[in-house]
Amino acid sequence: MAVQFNYLMDKGAFVRHDDGTFYVEMSKIKTAVAELDHDLLTLEAEGDYDGAKKMLDTLGVIRPVLKQALDGLKAIPTDIEPVFTTADDLAPPNAGAPKKRTK
């Protein structure tokens, strides 16, 4: 999510108001999303590990502008805790964890 957010911010598709809220720049969002898709799919198709690592290192971080926005959400009460029953049935937590060996 951080990669997407930062990429779209860098392209000017997401813009921050002075009051800390954000808006979508409709004239830029479609192109920015297409470019992000292109970049991600190219990395995948070419198996470009170094390019993917570079993207994650630069864009996969919580930048101050996003941290400030997320910190502002802490005071919002949570009434409902989501429970993903189907997902847990299909892929139980720790299902992929290595099994302990016994002697």
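Above this note sits the structure.
Residues numbered from 1 in each chain as written. Predicted model: local features only at pLDDT ≥ 70, side-chain atom pairs only at ≥ 80, totals over all residues. Heavy atoms only, no water.

Draft legend 1. Examining the packing of aromatic side chains more closely. A full pass over the atoms with the stated rule returns 2 aromatic pairs. A centroid spacing of 5.7 Å and a plane angle of 45° characterise the contact between Phe5 and Phe14, whose relative ring orientation is tilted. Judged by centre distance (5.4 Å) and plane angle (80°), the ring pair of Phe5 and Phe22 falls under edge-to-face. Separated by 17 residues along the polypeptide, Phe5 in helix 1 (residues 2–10) and Phe22 in strand 2 (residues 22–24) bring together distant segments of the chain. A relative accessible area of 29% places Phe22 in the partly exposed class. (Phe/Tyr/Trp six-rings, centres within 6.5 Å; stacked < 30°, edge-to-face > 60°. Helix = DSSP H or I, 4+ residues; strand = E, 2+ residues; numbered from the N terminus. Buried < 20%, exposed > 50% of the residue type's maximum accessible area, 1.4 Å probe, protein only.)

Draft legend 2. Structural detail: helix 2 (residues 26–46). Here helix 2 spans 31 Å end to end across 21 residues, near enough to the 30 Å set by a 1.5 Å rise per residue. Within helix 2, the full set of buried residues consists of Ile29, Ala32, Leu36 and Leu43. Angular distribution of buried residues about the axis of helix 2 spans 75°; they occupy a single face of the element. Across from the buried face of helix 2, at angles greater than 90 degrees, the exposed residues are Ser27, Lys30, His38, Leu41, Ala45 and Glu46. Of the residues flanking the end of helix 2, it is Gly47, one or two places downstream, whose phi is positive at about 60°. (Expected span 1.5 Å × (residues − 1). Arc of directions from axis to C-beta.)

The analysis is restricted to geometry; functional conclusions fall outside its scope.
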